Amino acid sequence: MIFLVGFILLSIGSALSQITVSVSPTASHPIPTTLWGQMYEVNAGDGGLYAELLQNRAFQQVAAGTSAALKAWYSVNSALLTVVNETEPVSSALPNALKVTVASDATGPVGFGNTGYFGMKFTAGNTYNASFYYRFPENPDFIGELNASLQTSAGNVLASTSVLVAGNQTSWKQVFVSLTPDITPDATDNVFVVTTDGAAASGLTINFAMFSLFPPTFKNRQNGMRIDIAEVSTLQAMKPSFFRFPGGNNLVCRGQNTASRWVWNTTLGHLVDRPGRSGDWGYINTDGLGLLEYLLWCEDLEMEPIMAVWAGYGLGGQSIAEDDLEPYIQSAIDQALFIYIAAARRAELGHPEPFKLTYVEIGNEVRPSLRIGRYGYRWNLYVTALQVEFPNLHFIATTFPFNPILDPTPTEYDVHVYQSSTWMSENSFYYDGFQRNGTKYFEGEYATTKNDQGVFPSTTRSTFQYSTVEAATADAVFMTGFERNADIVFAASYAPLLQVNASFFRTILHPNLVVFDAGAVYPSVSYYVQQLFGFYRGDEYIPSTLPARNGTVFWSVVRKTSVINRNDNATDVTFQLPFNVSNTATVTVLTGAKTSANTPSNPDLVLPQTSSIFTGSTFDYSAPPFSVNVLVLNID
Ligand code: AHR
């Protein structure tokens, strides 16, 4: 049989001395298939992974009559725009509508436009599917056209189509149009515009509700994901094996009331039936990316869902008393029933087959500063009730392991680590001392957030706006510990995953794995580390000489029963292998100056480079300073 041995060799200092790495002939433990995955969080959905182009598309969770309610909308040719609390709302979930009044002396196209989240990218030949509801509340004597178009910010029309409408349409009617531009504008500050002829419609009022504009989506899913973020260069390329959702803080209700928590069943069904929620990070969640979309996304990428349920507390200190938890626990039970047992509702939504579900996390990140004691009764009541219904599910506790002592004893813990590059590079042995007593660990959030000297400023979450080579190599050192301890660490995900390159959302959480804007995605240096570990994941961990705990060179050896590429090279670290090793192999190196980062202005500064090396049962390899090196050897 042909085996592949992958070495992750990390050098985080410039002073390399000669090191000898002897490799064991036998593996010590299998590496779980779930080891490398992703955590979904803030800034990731609306305006990002979720492909919807229009911002504030349904006037969800805004106060009617305010200028804030018109966010992202603007008037074309002096149309009077107001967000009103509709007397006949388009649905009970969406009480607001856009009231458009055409001036009595209007001429030319009159209407309104939407600027998107931070622009919109339009590409020639792509079809953009637009829809909206309209009605004439005053039943005027009118027959005319509504024109929908894609335009540049300067008003150049890229694609346009008209629909005939009549003033006696006093109830809501939905319109669907397709728009296909034949040029690709250079800029992304494009707009979506709806107008009518001002002279014909002078003095009229038309109400609109629930707009949508979708580009082509990943796997052509209706209401799906943005292709370039989903596929072209980021998430799919990392081969993630699990997806933790619906977020960390995004799950709870930071500083807000219990009513604004993530409620699974209000994220299902027709978009018009989703009220959205005032999210935890200063922007409104449409919930267009809801529970079903998360599950389909997991299916599409063959990821194991790790689903968290709201557990009765918020980061702002809100807390449901023990005696009042029952309806929330029932909601968590119903959520799991929906996913893989109760077929009727799923069938209504087009997916009668059960989804996969193994792991349910109870709440998010209970830290000592957040009244940790309260988690005890929550954990007990949620898990006890859920276990009765779902004896095969695994429940993940979200406290620091062993503190407090929880009953029933958790079989899995989610541990979060945001630390400096020094801490990360000194803690590759973090899990080595953990007891092997059956308990498993999920490193559900980790990132090197600041440099060696960095303090943790109170106003910013981290000192790295974009992950640097220093940060990424420190991530990688910490990650070698997950492979060595993969007998107890079953899953790990860098966090946060996605960040928009704009001041639009609250961006205190950085660095993020992938930065994006309306037109492009910018994988960080840390992203390439995730990609290297994910792509070269092994089936088994092979013990080898241990790195020095406070050293500057780290490595991890895994074996897998499949073949990838190989070639040749040479020095500084001597590997001694008890196998017959072919004399050529491939090495993929991610390296750069310590402070180098991939940024939107220089997105490809640090990229993995693959080359050939000469190998054998004993061979030397020279690792550049601040580098992550994956050596793939062919053995038999
Ligand atoms: O990943 C960003 C946030 O950090 C998560 O939402 C939260 O769990 C943690 O504090």
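Everything quoted here is computed from the prediction, not taken from an experiment.

Draft legend 1. Summary view of the sheet that holds strand β10 (residues 143-151). With antiparallel pairing, 5 strands are arranged side by side in an open sheet as β5-β8-β13-β10-β11. For this open sheet the edge positions go to β5 (73-76) and β11 (157-166), each flanked by a neighbour on one side alone. This sheet shows a mean twist of 20° between the axes of neighbouring strands, independent of strand direction. Inspection of the sheet shows strand β8 (residues 109-114) paired to strand β13 (residues 191-197) by 6 bridges, in the antiparallel sense. When the sheet's bridge partners are listed, Val110 is paired in β13 with Thr196.

Draft legend 2. Geometry of the site of the ligand. In the vicinity of the ligand lie 12 residues, with Glu41, Asn249, Glu365, Tyr418 and Glu445 positioned nearest. One of the backbone N or O atoms of Asn249 is found 2.7 Å from an oxygen atom in the ligand. Here an oxygen atom of the ligand sits 2.5 Å away from a polar atom, N or O, in the side chain of Glu365. Taken by itself the ligand offers 280 Å² of open surface, and the protein chains cover 100% of this. The class makeup of the residues in the shell around the ligand is 4 nonpolar, 3 polar and 5 charged.

Draft legend 3. The environment of Leu70, seen in detail. As for its placement among the helices and strands, Leu70 is situated in the loop between α1 (45-49) and β5. For Leu70, a relative accessible area of 18% corresponds to the buried category. When the C-alpha positions of Leu70 and Leu315 are compared, they lie 29 Å apart, and in sequence the two are 245 residues distant. Not counting residues within four places of it along the chain, the set of residues in contact with Leu70 comprises Asn56, Leu81, Val83 and Leu98.

Draft legend 4. Geometry of the packing of aromatic side chains. Under the definition given, this model contains 50 aromatic pairs. When the ring of Tyr359 is compared with that of Phe490, the centres are 4.8 Å apart and the planes differ by 25°; the resulting orientation is stacked. A residue pair is termed long-range when its members are at least 10 positions apart, and Tyr359 in strand β19 (residues 359-362) and Phe490 in strand β23 (residues 489-494) qualify at 131 residues. Under the relative-accessibility criterion, Tyr359 is labelled buried at 12%. Centroid distance Trp423 to Phe478: 5.7 Å. Interplanar angle 65°. Geometry classified as edge-to-face. Taken as a pair, Trp423 in helix α7 (residues 421-425) and Phe478 in helix α8 (residues 469-484) lie far apart in primary sequence, 55 residues in all.

Draft legend 5. Structural detail: the domain arrangement of the protein. What the domain assignment lists for the protein is domain 1 (29-52 + 219-541) and domain 2 (67-214). Put simply, the middle of domain 1 and the middle of domain 2, counted by C-alpha atoms, are 37 Å apart. Carbon and sulfur atoms make up 69% of the area that domain 1 and domain 2 hide from each other, which totals about 1,500 Å². Linking domain 1 to domain 2 there are 0 salt bridges. Broken down by class, the residue content of the side of domain 1 that touches domain 2 amounts to 11 nonpolar, 5 polar and 5 charged.

Draft legend 6. Just the sheet that holds strand β25 (residues 514-516), in detail. One open sheet holds the 3 strands; their spatial order is β24-β25-β26, and the pairing between them is mixed. At either end of the open sheet lies a strand with only one pairing partner, and these are β24 (498-500) and β26 (521-523). Along the sheet, successive strands turn relative to each other by an average axial angle of 25°, direction set aside. Relative to β25, β24 runs parallel, the two sharing 3 bridges.

What counts and how
Residues numbered from 1 in each chain as written. Predicted model: local features only at pLDDT ≥ 70, side-chain atom pairs only at ≥ 80, totals over all residues. Heavy atoms only, no water. Pairing = 2+ DSSP bridges. Helix = DSSP H or I, 4+ residues; strand = E, 2+ residues; numbered from the N terminus. Axes fitted to C-alpha atoms, helices over the stretch in contact; angles between N-to-C directions. Near = heavy atom within 4 Å. Polar contact = N/O pair within 3.5 Å; in protein donor to acceptor, adjacent residues only side chain to side chain. Areas by Shrake-Rupley, 256 points an atom, 1.4 Å probe, with all protein chains shown as cover. Nonpolar A, V, L, I, M, F, W, Y, C, P; charged D, E, K, R; others polar. Buried < 20%, exposed > 50% of the residue type's maximum accessible area, 1.4 Å probe, protein only. Contact = heavy atoms within 4.5 Å. Phe/Tyr/Trp six-rings, centres within 6.5 Å; stacked < 30°, edge-to-face > 60°. Domains from an automatic or database assignment. Buried area = accessible area lost by both parts, 1.4 Å probe. Salt bridge = Lys/Arg side-chain N within 4 Å of Asp/Glu carboxyl O.

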